[in-house]
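Spelled out from the first residue to the last, the chains are:
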Amino acid sequence: MKAVVFHGVGDIRLDDVREPKIEEATDAIVRLTASAICGTDLHFVRGTMTGMKPGTILGHEGVGIVEEIGKDVRNLRKGDRVVIASTIACGTCSYCRAGYQSQCDKNPNGKQAGTAFFGGPVQSGPFDGLQAEFARVPYANVGLVKLPDGVNDDQAILLSDIFPTAYFGAELAEITPGDTVAIFGCGAVGLFAIVSAQMMGADRVFAVDTIPSRLEMARAQGAEVIHFDEEDPIETILRLTDGIGVDRAIDAVGVDAVRPHAGPAKVTREDKKEAEKQLEAVAPKTNEDGDNWHPGDAPSQALTWAVQALAKAGTLSIVGVYPPQMKWFPIGMAMMRNLTVNMGNCPHRRYMPKLLDLVASGVVDPTKILTNREPLVSVIDAYKAFDRRLPGWVKVELAPAAGAAKKAA
Ligand SMILES: NC(=O)c1ccc[n+]([C@@H]2O[C@H](COP(=O)([O-])OP(=O)(O)OC[C@H]3O[C@@H](n4cnc5c(N)ncnc54)[C@H](O)[C@@H]3O)[C@@H](O)[C@H]2O)c1
Ligand SMILES: [Zn+2]
Ligand SMILES: [Zn+2]
């Protein structure tokens, strides 16, 4: 079968690989009809998330049809149409039963290993991912959620990771009615965080990024947009909130954050030096190729801005991904102003049924949030376009015979 395979930093290929088989009684094999590329996949290829094993199939977002089930999968049948939870959870350990499926005790690396997920580094399994024609889904009775006919693949694929993560991010931000919220990053996660914050009653949502097409999609959702190469985002947020700052901030950027390259927020030589030092530690090996696979040039920029934008006693939610070697957080600034900080990997399974209901009932149409579409291209080209931060929602084909994979925003 065809699959997108990680060969090394800056080196991914569409390869022919062996089809997966049932290995455990709780496994299922799913034939993918849609897959997508997430900002997390880019961290691996850019080298800002280390520990990927060459040969691992990438991707942790998928929709498909159940092809085969193990004998202990009792809630599904062959032929069921399903969305796959990105994180792998047993449903039985104390973490899973508390709704903390992203810290399931059954990570093959042991109880202290943290989140297990598809298509990730060694410490996350490793498990082969979902940018493939077929995938093995462990604990399929928990990780697969059946789809009603009224929800199409384009809507369902966003329930695999993006929408649950954004909603989780808004919950971690402790948003209550009337709050002002700043969201850093207007990729797919940031855009869905805007919608989630509004669902929780936020009155004003500020959205910060530097890509005009993404800021326009944020504006279309009702966010007050700030282009950080044109304005200083902190000065602007303080001015627009009467000097108070925002009640809640969400980091939907992560380790590949970039610093301003124009405008009044341009950084000093010392800031630049400090960022270079941080980048060297988080991405010891990179493999730039022309315009592609450049890591962000300021790993702690979004975090720092999020702390600076907050009102005293505000809440910071971090869902942007940072690798274990990332050690820079403005702790003093946060401490001195009594901020609350919540963070982590999304326990997808906890949110999927609820968000699926919202989509199935027409309350939220994910395809109306990611509106900027580009024509069909090949999967590696889609990765490259997404990495270059080009505008648009690029639909990609894994292989002529296989289902389509899609890339968001
Ligand atoms: N915690 C989880 O469970 C989870 C799940 C999915 C994705 N993620 C993470 O969420 C983050 C966003 O994912 P995505 O798919 O939307 O990625 P993305 O790469 O599409 O979006 C990131 C956006 O941040 C913008 N950005 C860069 N530097 C910035 C800065 N200093 N200030 C404001 N914006 C800045 C970029 O221009 C880009 O639009 C990634 O780090 C991804 O790994 C986490
Ligand atoms: Zn993801
Ligand atoms: Zn578990």
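Some remarks on the site of ligand 1
For step 1, the next point in the chain: Taken together, 35 residues are adjacent to ligand 1, and Gly39, Thr40, Gly185, Gly187 and Gly254 come closest.
For step 2, the next point in the chain: Elements that contribute at least two residues to the shell around ligand 1 include exactly helix 1 (39-46), helix 6 (188-199), strand 9 (204-209) and helix 10 (301-309).
For step 3, the next point in the chain: Among the elements that line the shell around ligand 1, the one with the most residues is helix 1, at 4 residues.
For step 4, the next point in the chain: Partitioned by chemical class, the residues of the shell around ligand 1 number 18 nonpolar, 13 polar and 4 charged.
For step 5, the next point in the chain: Among the domains, domain 1 (2-161 + 347-407) and domain 2 (163-343) are the pair contributing at least three residues each to the shell around ligand 1.

What about the nonpolar core?
For step 1, the next point in the chain: Core analysis: the biggest nonpolar cluster contains 130 residues, and Ala182, Ile183, Phe184, Ala207 and Ala306 have the highest contact counts within it.
For step 2, the next point in the chain: Looking at this core element by element, the count peaks at 8 residues for helix 6.
For step 3, the next point in the chain: Both domains that meet at this core, namely domain 1 (2-161 + 347-407) and domain 2 (163-343), each give it at least three residues.
For step 4, the next point in the chain: Among all residues touching Ile183, those that are not within four sequence positions of it are Gly190, Ala193, Ile194, Val205, Phe206, Ala207, Ile250 and Ala252.

Focus on the domain arrangement of the chain
Accessible area lost upon the coming together of the parts is a frequently used measure of interface size.
For step 1, the next point in the chain: As assigned here, the chain comprises domain 1 (2-161 + 347-407) and domain 2 (163-343).
For step 2, the next point in the chain: Listed as interface residues are 33 residues of domain 1 and, on the opposing side, 33 residues of domain 2.
For step 3, the next point in the chain: Broken down by secondary-structure element, the contributors of at least two residues to the side of domain 1 that touches domain 2 are helix 1, helix 12 (348-360), helix 13 (366-369) and helix 14 (379-387).
For step 4, the next point in the chain: Of the residues belonging to the side of domain 1 that touches domain 2, the class tally is 14 nonpolar, 12 polar and 7 charged.

Here's the deal with unusual backbone geometry
For step 1, the next point in the chain: The omega torsion of the bond from Gly125 to Pro126 falls at -15 degrees, within 30 degrees of zero and hence cis.
For step 2, the next point in the chain: Position of Pro126 among the secondary structure elements: in the loop between helix 2 (94-97) and strand 6 (134-137).
For step 3, the next point in the chain: Positive phi is not limited to glycine here, since Tyr139 has a value of about 45 degrees.
For step 4, the next point in the chain: Locating Tyr139 in the fold gives a position in the loop between strand 6 and helix 3 (140-143).
For step 5, the next point in the chain: Not every positive phi belongs to a glycine, and Asp242 is a case in point at roughly 60 degrees.
For step 6, the next point in the chain: Position of Asp242 relative to the elements: it lies in the loop between helix 8 (233-240) and strand 11 (246-251).

About the criteria used
Residues numbered from 1 in each chain as written. Chains lettered and ligands numbered in written order. Predicted model: local features only at pLDDT ≥ 70, side-chain atom pairs only at ≥ 80, totals over all residues. Near = placed C-beta within 6 Å. Helix = DSSP H or I, 4+ residues; strand = E, 2+ residues; numbered from the N terminus. Nonpolar A, V, L, I, M, F, W, Y, C, P; charged D, E, K, R; others polar. Domains from an automatic or database assignment. Core = buried A, V, L, I, M, F, W, Y, C linked by C-beta atoms within 7 Å. Buried ≥ 20, exposed ≤ 12 C-beta atoms within 10 Å, placed from the backbone. Contact = placed C-beta atoms within 7 Å.

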